[in-house]
Amino acid sequence: MPLSLRESITQARTAGHLVEVESSTDPHLDMARVIYRHDGRPILFQNVSGYPGWRVLAGIASAREYFAMALGVPAEELIHRLAAALDPSGLNQPQVITEAACQEVVEPDVDLTRLPILRHFPFDGGPYVTAGIVVVDDPDYGPNVSFHRLLRLDERCFAARVVEKRGTDTALRKSTGDLPIAICIGNSLPVLLAASMSPPMGVNELAIANALAPIQVVPCKTVPLHVPADCELVLEGRMTHATAPEGPFVDLTETVDFVRPGPVVEIDCVTHRLNPIYQALLPGKLGHKLLMGMPKEPTIYAAVNQVCRCTNVAITPGGASWLHAVVQIDKKGPDDGCAAIEAAFRGHGSLKHVVIVDTDVNPYDPAEVEWAIATRFQADRDLVVLTDQPGSSLDPSGYHEPGQKARSAKLGLDATMPWGAERAAFEKVRYETD
Ligand SMILES: Cc1cc2nc3c(=O)[nH]c(=O)nc-3n(C[C@H](O)[C@H](O)[C@H](O)COP(=O)(O)O)c2cc1C
C-alpha cells in the first residue's frame, strides 16, 4: 500500500533510517548544517527554536529506496511505475473531499515569519521555501502543479523562481490580473514525484500522483483550486505581475544561481494540520537531485526503447542528477549504441553526457560504468559529439543569452561490447561466493 508522508516517517523510524533531533535547532543556518551532515537519511526536528508547535522534516526524498518503500515496489521497479503513471490513458482525477487534514487549522491572520522557513547560507537572498509545490489553474489547460522555490520577502510575500515557458509561467502570462495559487508544503512522496514531472500541457500532475498512489484533494478556502488533502501546510494567495529580486540561491548543481526578477506572490490565507510538520529539501543535495532526475529516467527509457531494447536508465548524482545519464541496453545490432545515444538526448532535452552500457553493467555503480568505459570503449570509434545543441539553464559552462534557451555541446559514449566480438574477452570474471 502506498504511504502518506506521516506513514513514511513512521516507516523510516521502524526501519531505523530516521534521524530524530530532540535538541532545539534554529532554522536560521543551523538546521541546514545538521540536515547536510545526515544527507541520505530522513531527519525530523522535534524542537524548532523560535517556532513552538512546529516540527521540521527533511531527507525523506533522499534515497531511491524511500520512494520504493512509499510506493510499495522494489527500487528497480520504480522506473516502470513512473512510466505507467505518465501514460495518459491510465489517468483519473483524484477524489474530491470537503473536510481535510490540511485545513484542520485556519490561521486567523497571515504572518509568514511564524513559519519555520529555513535559511541555508549567509549569502542567500533570505529564508527559502524549498519543498513547496505550487498549484495553479491555466484557463486552457486546467490545473498544473510544479515546484517553485520561494524567497520570503516579508510577513505576506514571497519572490518565486519561475522558469519560462513551463506550466506556471504560461498560466501567469495569460492572466491579466493576479493568478490564484496554492502552495502545498509537507507532501507524500508520490505527490512530490508527480509535481517534479513535466507531462504534456493539460495533464494534471495530481492525476499522476493519483496514478502512483490514490490521493484525495480538497477545495481551498479562498482560491478556486484543489490541493492534496493530507499535506501539512497550505498557503493560499496570488501570483502577481510585480517582480522582486529572487536569489542568490544554491541550485541543483551546488553552485550559486544568480539573482533575477521573480514574480511576487502574496499570501491571503494559511491552513495547516494539527501538530504540523514543515518539510524542507536541502538545495543541491540528494533529495533535490532525486526529485529532479528520477522523473527523466522513464522519458529517456521510452525514447531509447523506440530505437533498441532499453533495460534501465540511471540519472546519476555526480552529474547533478540532471546533466548525466547511464543507459543500459540489450544490444541486438551494431548500431544500437549510437542510436541509443541520440534517442537519450531526445528523451531528456537537458541531458549533456550519456554513457551506454550492456546489461551486465550496473548503471547505478559509477565504478562499474567507468570499468565499461575502460574496457569496451574506443574514442575514435564509439564517441558521439554534438555541437550547439539546446542545453540546460542549470549548467554554468553552457552558453547563456538572457531570455533564450541555453546552448550546449553534448557527448555520448557507447561503452557496450563491440558488435560480433568474442564475449569472453569482455565479460568480467566473477569470483565464487559462499
Ligand atoms: C526539487 C525541485 C525544485 C524545483 N524548483 C523549481 C523552481 O524553483 N522553479 C521552476 O520553475 N521549476 C522548478 N522545478 C521544476 C518544476 O517542478 C517542474 O518540473 C517544471 O516546472 C515543469 O513542469 P510544468 O511544465 O508542468 O510546470 C523544480 C523541480 C524540483 C523537482
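Provided above is the structure to which this section pertains.
Numbering of residues starts from 1 in every chain and runs along the sequence as written. For this predicted model, a pLDDT threshold of at least 70 governs which residues receive local features, and a threshold of 80 or more governs which side-chain atom pairs are given and counted, while totals over whole chains, interfaces and linings are taken from all residues. As a rule here, side-chain values come from all non-hydrogen atoms in the structure, and water together with hydrogens is ignored.

Requested: an account of the pairing of strand 8 (residues 142–147), with residues and values cited.
Any two strands with at least two DSSP bridges between them are considered paired. Only runs of H or I of at least four residues qualify as helices and only runs of E of at least two qualify as strands under DSSP, and these elements are numbered from the N terminus. Pairing geometry for strand 7 (residues 133–138) and strand 8, over six bridges, is antiparallel. Note on strand 8: the bridge partner recorded for D137 is P143. What sits between strand 7 and strand 8 in their antiparallel hairpin is a turn of three residues.

Would you mind going over the site of the ligand in detail, with residue names and values included?
Contacts to the ligand come from 19 residues, most closely from F147, R149, R161, V163 and E205. Identification of polar contacts relies on pairs of N or O atoms within 3.5 Å, with a donor-acceptor requirement for protein atoms, meaning one able to donate a hydrogen and the other able to accept it, and with residues adjacent in sequence counted only if both atoms are side-chain atoms. A distance of 3.1 Å separates an oxygen atom of the ligand from a polar atom in the side chain of N144. Taking H148, its side chain carries an N or O atom lying 3.2 Å from an oxygen atom of the ligand. Coverage of the ligand by the protein chains reaches 92% of its 620 Å² of free accessible surface. Those elements that provide at least two residues to the shell around the ligand are strand 8, helix 6 (189–196) and helix 8 (286–293). Classification convention: Asp, Glu, Lys, Arg as charged; Ala, Val, Leu, Ile, Met, Phe, Trp, Tyr, Cys, Pro as nonpolar; all other residues, Gly among them, as polar. For the shell around the ligand, the class distribution of residues is eight nonpolar, seven polar and four charged. By convention in these notes, a residue is near a molecule or strand provided one of its non-hydrogen atoms lies within 4 Å of it. Residue exposure ignores everything except the shown protein chains as possible cover, and the areas themselves are Shrake-Rupley values with a 1.4 Å probe.

An account of the sheet that holds strand 12 (residues 216–219) is needed here, citing residue identities and associated values.
Overall, mixed pairing links the three strands, which are arranged 4-12-13 in an open sheet. What marks the edges here is a single partner per strand, and that holds for strand 4 (95–96) and strand 13 (226–228). With three bridges connecting them, strand 12 and strand 13 associate as antiparallel partners. Paired with P219 across the two strands is H226, which belongs to strand 13.

Give me the sheet that holds strand 2 (residues 43–45): which residues, what numbers.
Pairing in this open sheet of four strands is mixed, and the strands run 1-2-3-18 from one edge to the other. Strands with a single pairing partner mark the edges of an open sheet, and in this sheet they are strand 1 (19–21) and strand 18 (277–279). Taken pair by pair, the neighbouring strands of this sheet meet at an average axis angle of 20 degrees, ignoring direction. As defined by bridge partners, strand 2 adjoins strand 3 (residues 55–58) across three bridges and the pair is classed as antiparallel. What sits directly across from L44, in strand 3, is L57. Across the sheet, helix 2 (residues 30–37) lies against strand 1, strand 2 and strand 3, angled at about 155 degrees from strand 2, the strand it touches most. Between N-to-C directions, angles span 0 to 180 degrees; the directions come from axes that are lines fitted to C-alpha atoms, helices contributing only their stretch in contact. Residues are treated as being in contact if the distance between any of their heavy atoms lies within 4.5 Å.

Lay out the nonpolar core in plain terms, naming residues and giving numbers.
Counting residues in hydrophobic clusters, the biggest one holds 56 residues, and the most contacted among them are I9, F67, L189, L193 and V227. Tallying contributions element by element places helix 6 first for this core, with six residues. Sequence-distant contacts of L189, that is, excluding residues within four places in its chain, are made with S8, I60, A61, Y66, F67 and A70. Joining through side-chain atoms within 4.5 Å is the link that ties buried Ala, Val, Leu, Ile, Met, Phe, Trp, Tyr and Cys residues into a set, and such a set is a nonpolar core. Any residue under 20% of the maximum accessible area for its type is buried, any over 50% is exposed, and the rest in between are partly exposed; the area is computed with a 1.4 Å probe on protein chains only. Of all hydrophobic cores here, the second largest spans 40 residues; its members include I43, V48, L172 and L233.

Account for helix 9 (residues 296–305), naming residues and giving values.
With seven of 10 residues buried, helix 9 lies mostly within the body of the structure. Among all positions of helix 9, only K296, E297, P298, I300, Y301, A303 and V304 are buried.

Can you break down a nonpolar patch on the surface residue by residue, with the values?
Nonpolar side chains (Val, Leu, Ile, Met, Phe, Trp, Tyr) are joined into patches within 5 Å and like charges within 9 Å, using only residues with over 30% relative accessible area and no salt bridge. Salt bridge, as used here, is a side-chain nitrogen of Lys or Arg placed within 4 Å of a carboxyl oxygen of Asp or Glu. Residues F121, F123 and V256 make up a contiguous nonpolar surface patch of roughly 260 Å² in combined accessible area. Note on F121: relative accessible area 35%, which makes it partly exposed.

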